[in-house]
Amino acid sequence: MLVVLLIALAWILPHAEPILHDRVVHALSARFKSPVELDQIHISLAHGFRVEGGGLRILYLAGPSLPDVRQKPPPMLNIRSFQFQASLRELLSPTLRLVSARVQGAELRIPPPGGRNLFPHDDRAHTGQPAEGLFIDRIIIDDLKIVIENKITGKPPLAFDVSNLTLTDVGLKKPFNYEATLRNPKPVGDVHSTGHFGPWQSDNPRDTPLDGGYSFTHVDLGSIKGLSGTLSSTGNFHGTLGGILIDGSADTPDLRLTVSGHPLPLHADFHAIVDATTGDTYLQPVNALLQHSRVVASGSITRKTGVPGHDIELDVEVGPGRIDDMLTLAGKTYPPALRGALTARCRLSIPPGPDRVTQRMRLNGSFTVSQGVFTNTRLQQQINGISERARARPEYANAQMAEAVTSSMKGSFNLANEQMQISGMTYQMPGATVLADGQYGLDGKTLDFHGTVRTQATASEMVGGWKQLLVMPFDRFLKKNGAGVELPFKVGGTQADPKLDLDFGHKAKPSPAR
């Protein structure tokens, strides 16, 4: 009996391999309505009936009814190798149902919206044909690449490298469970996600539902030119491939711009909508805390045709916030030139491109600073002295006796190419109001402001002592626009070494504010 059994097996195995090869090719070809190639398949008795195969390809994205315009389009599904175990009875039965299968090295290309359906309708249920095919309860895939083709010509596809993906309860008419581990390409980090996917919507794949949770860890922001720091994020999501609703939080304890190099902690809670078929993300909104400053942002992060990277367009509100937080993050000098409370509203644009973030970043908006104090001791002492004179207290206008004052300012700003332009700025201190325009560089090397200072006191009251008598005749010439004195000034030098001086040679631009 043993000899007969061995002879039978020796005859069955070589004949079973071609039969199994043809069954797999026929079932997949009928299911996807596309040509299928399978280079090899083998049956082994080493550990029961073990089946190994390789070179499995489902060829066309478009299929016979919708030909692909490309000469040699890449396969829709390409599997380097696979293994599964089954009994001889299962291998030869009309319906091959497997408990578990393992795949090493696969690439799945998902067609663009409106293109060829990845899982076409199966009409056998309506024609009375027997349900023959291949069913797998659990699939483990190592080294999977998912490529989502884009409908717009010239717009690069989305590509995801999944190191491990486990699918359970796989079926076309019901959701299946999944667990995935992948490496996000940019910013570089590890993603782990579990949840449910499906059932697949053949008429419109964008409507295929999914849900689950994720963790995004060990994220190196240094992979984005101009940034550095380590981010981690967790959250949950639900919806469809065309509109995934995500609620999550993210923490970066050491966020830095490379132009400044000063780390600040950032925490953010966000609600976002993601189109998984295009990668476009819509933030609605992000609530963040940067050091001591609250920031609310909403807008979009989208991919542009023919340009690698993302286009970021956000509306940003800051408040309550700190001007020193913003200057620490963006400015090269430390400590920051100014401390104080900040509220601001602006439009942030970061187009895609090879340059670092701070070179591409565009900001346009308005700001208000209150309780401002300059960190440069010499400059603040000058401000204190000006305030004493502007209030007709010249005897106190020295470093030892002058009252330490705070300042407030408001105006409009425009940031481009790492240069901040300030326009229509109104700067107020006790006894004086300053109107100014100017610019400074994020690298701390440029500081150039021009404007006028208007004081409550007259020129003679600002001088005091016996000099007051000499200046009194000129008071009526220096009084302008209801101010005791109106004088031009300039601030130059650098943020580390600013220089404040009178500026009689500068011709101010006319403005209604002046």
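Just so it is clear, the structure is predicted and the values come from calculations on it, not from any experiment.

1. Side note on the nonpolar core
Core analysis: the largest hydrophobic core is formed by 109 residues, its most contacted members being Phe82, Leu165, Tyr178, Val316, Phe367 and Tyr427. Looking at this core element by element, the count peaks at 6 residues for strand β19 (residues 338-350). When near neighbours in sequence (up to four residues on either side) are disregarded, Leu165 contacts Ile139, Ile140, Ile141, Leu144, Tyr178, Glu179 and Ala180.

2. A word on the environment of Gln85
For Gln85, the location among the structural elements is in strand β3 (residues 77-85). Taking relative accessible area as the criterion, Gln85 reaches 42% and is therefore assigned partly exposed.

3. With respect to helix α6 (residues 377-390)
If you check α6, its first and last C-alpha atoms are 20 Å apart, about what 14 residues at 1.5 Å a residue would give, namely 20 Å. Among the residues of α6, those classed as buried are Leu379, Gln380, Ile383, Asn384, Gly385, Ser387, Glu388 and Ala390. Capping the start of α6 is the job of one residue whose side-chain oxygen sits 3.2 Å from the backbone nitrogen of Arg378: Asn376. Taken from the residues just after α6, Ala392 is the one with a positive phi, measuring 65 degrees.

4. Topic: the environment of Ser349
Turning to its location among the elements, Ser349 is positioned in strand β19. Using a relative accessible area of 16% as the deciding quantity, one classes Ser349 as buried. If we skip the residues at most four places from it in the chain, Ser349 touches Ile312, Glu313, Arg360, Met361 and Arg362. Polar contacts involving the side chain of Ser349 include one to the side chain of Glu313, which spans 2.8 Å.

5. A closer look at the side chain of Ser293
Relative to the helices and strands, Ser293 resides in strand β17 (residues 293-303). By relative accessible area, which is 0% here, Ser293 ends up buried. From its side chain, Ser293 meets the backbone nitrogen of Arg322 in a polar contact 2.8 Å long. Those residues in contact with Ser293 that lie beyond four places of it in its chain are Ala288, Pro320, Gly321, Arg322, Asp325 and Met326.

6. As for the pairing of strand β25 (residues 485-493)
Taking burial as the measure, the 9 residues of β25 include 7 buried ones, the bulk of the element. Bridge count between strand β24 (residues 447-455) and β25: 7 bridges; the pairing is antiparallel. Pairing of Val453 across the sheet is with Leu487, part of β25. Two strands pair when backbone bridges link them, and β25 and strand β26 (residues 498-502) are joined in this way by 5 bridges, in the antiparallel orientation. Looking at the pairing, Lys490 lines up with Asp501 of β26. If you look at the hairpin formed by β25 and β26, you'll find 4 residues sitting between the two strands.

7. Section: the confidence of the model for the protein
Here the protein shows a mean pLDDT of 82. Residues at 70 or above account for 82%. Confidence drops under pLDDT 50 across residues 510-514; counting only partners more than four residues distant or on other chains, this segment forms 7 contacts.

8. Topic: the packing of aromatic side chains
Summed over all chains, the structure comprises 4 aromatic pairs. Seen in terms of ring centroids, Phe367 and Phe413 are 6.1 Å apart; in terms of plane orientation they differ by 50 degrees. Their pairing is tilted. Taken together, the positions of Phe367 in strand β20 (residues 362-374) and Phe413 in strand β21 (residues 407-416) put the pair 46 residues apart, joining distant regions of the chain. Across the pair, Phe413 and Phe367 agree in class, each one buried. Between Phe374 and Tyr427, the aromatic rings sit 6.3 Å apart at their centres with planes inclined by 50 degrees, giving tilted as the arrangement. Of the two residues, Phe374 sits in strand β20 while Tyr427 sits in strand β22 (residues 419-429), which places them 53 residues apart along the sequence. Using a relative accessible area of 6% as the deciding quantity, one classes Tyr427 as buried. Sitting above the plane of the Tyr396 ring, Arg393 keeps its charged end 4.9 Å from the centroid.

9. Looking at the pairing of strand β7 (residues 138-148)
Where strand β5 (residues 101-110) meets β7, 9 bridges bridge the pair, whose relative direction is parallel. Of the residues in β7, the one forming a bridge with Ile110 is Ile148. Across 10 bridges, β7 lies against strand β8 (residues 158-168) in antiparallel orientation. Note on β8: the bridge partner recorded for Arg138 is Thr168.

10. What to know about the environment of Gly451
Residue position: Gly451 is located in strand β24. Owing to a relative accessible area of 7%, Gly451 belongs among the buried residues under this scheme. Sequence-wise, Gly451 and Pro488 are 37 residues apart; in three dimensions their C-alpha atoms are separated by 5.7 Å. If sequence neighbours within four positions are ignored, Gly451 has contacts with Leu435, Ala436, Leu487, Pro488 and Phe489.

11. Quick word on the pattern of salt bridges
Inspection of every chain in the model, using the stated rule, returns 17 salt bridges. As a salt-bridge pair, Arg347 and Glu313 come within 3.3 Å of each other at their nearest N and O atoms. Linking Arg347 in strand β19 with Glu313 in strand β18 (residues 310-322), this pair joins segments that are 34 residues apart in sequence. Given a relative accessible area of 23%, Glu313 falls into the partly exposed group. Across the pair Arg356 and Glu418 runs a salt bridge, and its minimum N-O distance is 2.9 Å. With Arg356 in the loop between β19 and α5 (357-360) and Glu418 in the loop between β21 and β22, this residue pair connects regions lying 62 residues apart in the sequence. The exposure class of Arg356 is partly exposed, given its relative accessible area of 26%. Residues joined by salt bridges that share partners form a network here, namely Glu388, Arg391, Arg393 and Glu403.

The rules we used
Residues numbered from 1 in each chain as written. Predicted model: local features only at pLDDT ≥ 70, side-chain atom pairs only at ≥ 80, totals over all residues. Heavy atoms only, no water. Core = buried A, V, L, I, M, F, W, Y, C linked by side-chain atoms within 4.5 Å. Buried < 20%, exposed > 50% of the residue type's maximum accessible area, 1.4 Å probe, protein only. Helix = DSSP H or I, 4+ residues; strand = E, 2+ residues; numbered from the N terminus. Contact = heavy atoms within 4.5 Å. Expected span 1.5 Å × (residues − 1). Polar contact = N/O pair within 3.5 Å; in protein donor to acceptor, adjacent residues only side chain to side chain. Pairing = 2+ DSSP bridges. pLDDT = per-residue confidence, 0-100. Phe/Tyr/Trp six-rings, centres within 6.5 Å; stacked < 30°, edge-to-face > 60°. Lys NZ or Arg CZ within 6 Å of the ring centre and 35° of its normal. Salt bridge = Lys/Arg side-chain N within 4 Å of Asp/Glu carboxyl O.

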